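# Descriptive structure summary
Now for the letters of each chain:
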Amino acid sequence: MGKIKSSRISFKFILTLAGLGAIFLACFFISSAKTSTTDFCISCHEMKIYKDELKVSIHAVDKDKKPIECKDCHIPKGYGGKHIIVKTVLSIKDVWIHNFGEPENLNRQKMQKFARRFIPDENCRACHKDLTKDTNDKELSEIGKLCHEAYLGENGETRSGCAGCHFNMAHLPSFDRRYNFNSKFVKKLSLWEEKK
């Protein structure tokens, strides 16, 4: 009789733990989905500049003219360990800065290297599958081919990810506006700022 009772207790205990685990996971997935939307990201005033820059960048829309969301670049796809770690780290950092930092005086130059680490290559490669051509379906320059071959491990090696070389694709802080390769983005951003 004692063995039957203890097995019922352990079964109830396991069932309770499984139920609590399922509730926790459901809450995590729902909150993760809601806090990964662009509307949520730009709900803080310090994020407005990123929204404004994105509007006129080459990453405003995808090839199907669908708006690119913050999560498309910044959050790993799926709900695996990498997704959980990135969401946790970025959430804690953002909440801390918003509540205890100086969000109106963000040092974007200091933040830039840290931020680039949170742009997974697989997110870039989800849209940019053919690394032999540019976004206009034209052949890459010779240096572009060599760099991509090194990235793929076909001709040397590089430790740099996509965002390590291709920065200022969606956002353009003022200190990077001086570079010639950003001239088109600067022009579009300047025209947009004048209209505001």
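This text goes with the structure placed above it.
Predicted, not measured: the structure shown is a model, and the values here were computed from it. (Residues numbered from 1 in each chain as written. Predicted model: local features only at pLDDT ≥ 70, side-chain atom pairs only at ≥ 80, totals over all residues. Heavy atoms only, no water.)

### Some details on a nonpolar patch on the surface
Short version of the rule: Like charges within 9 Å and nonpolar side chains (Val, Leu, Ile, Met, Phe, Trp, Tyr) within 5 Å are joined into patches, using only residues over 30% in relative accessible area that form no salt bridge. Each accessible area is a Shrake-Rupley estimate made with a 1.4 Å probe; only the visible protein chains count as cover when residues are assessed. Salt bridges are identified by distance alone: a Lys or Arg side-chain nitrogen within 4 Å of an Asp or Glu carboxyl oxygen. Helix and strand labels come from DSSP, where a helix needs a run of H or I of at least four residues and a strand needs a run of E of at least two; each type is numbered from the N terminus.
Taken together, the side chains of Phe13, Ile14, Leu17, Leu20 and Ile23 present a nonpolar region at the surface, about 530 Å² in accessible area. Inspection of the secondary structure assignment puts isoleucine 23 in helix α1 (residues 2–34).

### Looking at the packing of helix α3 (residues 48–56) against helix α10 (residues 183–195)
Helix-helix packing is characterised by the crossing angle of the two axes and by the distance between the axes. Our working rule: To get an axis, fit a line to the C-alpha atoms, keeping to the stretch in contact for a helix; angles then go from 0 to 180 degrees between the N-to-C directions. Left-handed is the label given to a crossing in which the near helix is rotated counterclockwise from the far helix by less than a right angle, and right-handed is the label when the rotation is clockwise. Note on definitions: a residue-residue contact is assigned when non-hydrogen atoms from the two residues lie within 4.5 Å.
Packing of α3 against α10 brings their axes to within 9 Å, and their N-to-C directions diverge by 115°. In this structure, α3 crosses over α10, and the sense of that crossing is right-handed. Here Asp52, Glu53, Lys55 and Val56 of α3 come into contact with α10, specifically with Phe185, Lys188, Leu189 and Trp192.

### Re the pattern of salt bridges
Pairing is possible between side chains that carry opposite charge, provided their charged atoms lie close to one another. Convention followed: Burial here depends on accessible area, computed with a 1.4 Å probe over protein chains only, as a share of the maximum for the residue type. Under 20% is buried, over 50% is exposed, and the range in between is partly exposed.
Taken as a whole and judged by the stated rule, the model has six salt bridges. Aspartate 64 is the partner of lysine 63 in a salt bridge, and the nearest nitrogen-oxygen pair spans 3.6 Å. Side by side, lysine 63 and aspartate 64 carry an identical accessibility label, which is exposed.

### Some remarks on unusual backbone geometry
Positive phi, close to 65°, is recorded for lysine 65, a residue that is not glycine. The exposure class of lysine 65 is exposed, given its relative accessible area of 66%. Phi at asparagine 168 is positive, roughly 65°, even though this residue is not glycine. Structurally, asparagine 168 can be placed in the loop between α9 (162–165) and α10.

### Thoughts on the nonpolar core
To keep things clear, this is the line we draw: What we call a nonpolar core is a set of buried Ala, Val, Leu, Ile, Met, Phe, Trp, Tyr and Cys residues that are connected through their side-chain atoms within 4.5 Å.
Listed in full, the five residues of the largest apolar core are Val56, Leu172, Phe185, Val186 and Leu189. Looking at which element gives the most residues to this core, the answer is α10, with three residues.

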